[in-house]
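Chain by chain, the residues:
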Amino acid sequence: MEISRKLTREMDLQRRVGAKGLLAPNRFAVTISAADAERFSSYADALVRELITAAHDHARTEGYSFVGPVTVELFEGARLKAGQCAVTATVDESGASAYLATQDGTRVEVGDRPVVVGRLAGCDLVVADTNVSRQHANVRRVDDGYVLTDLNSTNGTRLNGKRITQAPLTSGDVITVGSTRLTFETF
């Protein structure tokens, strides 16, 4: 719990205003005592996963975005006593990825070319929904982020419940095409 509190505190202290809102650090170095490193050795991977989840949860609560995947590395600090830890946070843009996720867990990466969503077999994300146009919408990368564009669909495209023709995306946004919900995620 103490490590998680320090990690989220560093997120708050190191956050910055970006073009589309608050950007939080996504790379964390956690230094723990030798005694704690030995104690955590059997479940260090689980601890790292819990800390990554805590960072995502805190970002969602505070409205922060990340520019790349959240990573946590554990280090052993010779000068720390049992129960002590130190957390440093930085922004790391390497490996940044964006995805469209369906409700069944399918994820399609948004790369250098637009991801087209629709009923046609040739679409990047095929949706079996009669309320979705053949080529309904697309998501594409732009200089400072990602944009959702409706492709003149019959029933329109919604972003977080509001009908749009074009809108910037942030991690966690919900896109609705027809009666199908997609989530935009960045890591």
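The structure displayed is predicted, hence computed values, not measured ones.

Undergrad: What is the right way to read the overall build of the chain from this model?
TA: Helix and strand counts for the chain come out as 3 helices and 17 strands. Taken along its principal axes, the extent of the C-alpha atoms in the chain is 65 × 35 × 25 Å. Out of the 187 residues belonging to the chain, those deemed buried represent 42%. Summed over all atoms, the accessible surface of the chain reaches about 10,600 Å², with 47% contributed by carbon and sulfur.

Undergrad: Looking at this structure, I do not really get the pairing of strand S7 (residues 98-102). What am I missing?
TA: Two faces make up the sheet, and in a regular strand the side chains alternate between them. Of all the 5 residues making up S7, 5 are buried; the element is thus mostly covered by neighbouring parts of the structure. Burial of S7 is two-sided: the residues Ala98, Leu100 and Thr102 facing one way and the residues Tyr99 and Ala101 facing the other way are all buried. Pairing between S7 and strand S17 (residues 180-186): 5 bridges, direction antiparallel. Each bridged residue has a counterpart across the sheet, and for Ala98 the counterpart in S17 is Thr186. Relative to strand S8 (residues 107-109), S7 is paired through 3 bridges, and the arrangement is antiparallel. What sits directly across from Ala101, in S8, is Arg107. Here S7 folds back onto S8 in antiparallel fashion, the turn holding 4 residues, of which Gly105 has a positive phi close to 95°.

Undergrad: Got a minute to help me understand unusual backbone geometry in this structure?
TA: Note: most residues except glycine have negative phi, and most peptide bonds are trans. Despite not being glycine, Asn152 shows a phi value in the positive range, around 55°. Along the chain, the position of Asn152 falls in the loop between strand S12 (145-150) and strand S13 (157-159). You can call Asn152 exposed: its relative accessible area is 77%.

Undergrad: What is the right way to look at helix H3 (residues 44-62) in this model?
TA: An α-helical turn contains 3.6 residues, so a residue and the one three or four places further along point in the same direction. The first and last C-alpha atoms of H3 sit 27 Å apart over 19 residues, in line with the 27 Å expected at 1.5 Å per residue. Looking at H3, one finds that the buried residues are Leu47, Val48, Leu51, Ala54, Ala55, His56, His58 and Ala59. Next to the buried residues of H3 lie helix H1 (2-14), strand S3 (27-33), helix H2 (34-40), strand S4 (64-65) and strand S5 (71-77). Looking one or two places after H3, you find Gly63, whose phi comes out positive at around 80°.

Undergrad: Whenever I open this one, the environment of Gln166 confuses me. Can you help?
TA: Positionally, Gln166 belongs in strand S15 (residues 166-169). The class for Gln166 is partly exposed, based on a relative accessible area of 47%. In this structure the C-alpha to C-alpha distance between Gln166 and Asp57, which are 109 residues apart in sequence, comes to 28 Å. Once residues within four sequence positions are removed from consideration, Gln166 is found in contact with Arg140, Val147, Leu148 and Thr149.

Undergrad: Mind showing me how you'd approach the packing of H1 against H3 here?
TA: Two numbers describe a pair of packed helices, the interaxial angle and the distance between the axes. Across the interface, H1 lies against H3 with an axial gap of 10 Å and an inter-helix angle of 40°. By the angle between their axes, H1 is oblique relative to H3. Crossing hand, H1 versus H3: right-handed. Between H1 and H3, the contacting residues are Ile3, Ser4, Leu7, Thr8, Met11 and Asp12 on the first element and Leu47, Leu51, Ala54, Ala55, His58, Ala59 and Glu62 on the second. Residues belonging to the contact of H1 with H3 are distributed by class as follows: 8 nonpolar, 3 polar and 2 charged.

Here is what the cut-offs are and how they apply
Residues numbered from 1 in each chain as written. Predicted model: local features only at pLDDT ≥ 70, side-chain atom pairs only at ≥ 80, totals over all residues. Heavy atoms only, no water. Helix = DSSP H or I, 4+ residues; strand = E, 2+ residues; numbered from the N terminus. Buried < 20%, exposed > 50% of the residue type's maximum accessible area, 1.4 Å probe, protein only. Areas by Shrake-Rupley, 256 points an atom, 1.4 Å probe, with all protein chains shown as cover. Pairing = 2+ DSSP bridges. Expected span 1.5 Å × (residues − 1). Contact = heavy atoms within 4.5 Å. Axes fitted to C-alpha atoms, helices over the stretch in contact; angles between N-to-C directions. Parallel < 35°, antiparallel > 145°, perpendicular 65-115°, else oblique. Left-handed = near helix turned anticlockwise from the far one by under 90°. Nonpolar A, V, L, I, M, F, W, Y, C, P; charged D, E, K, R; others polar.

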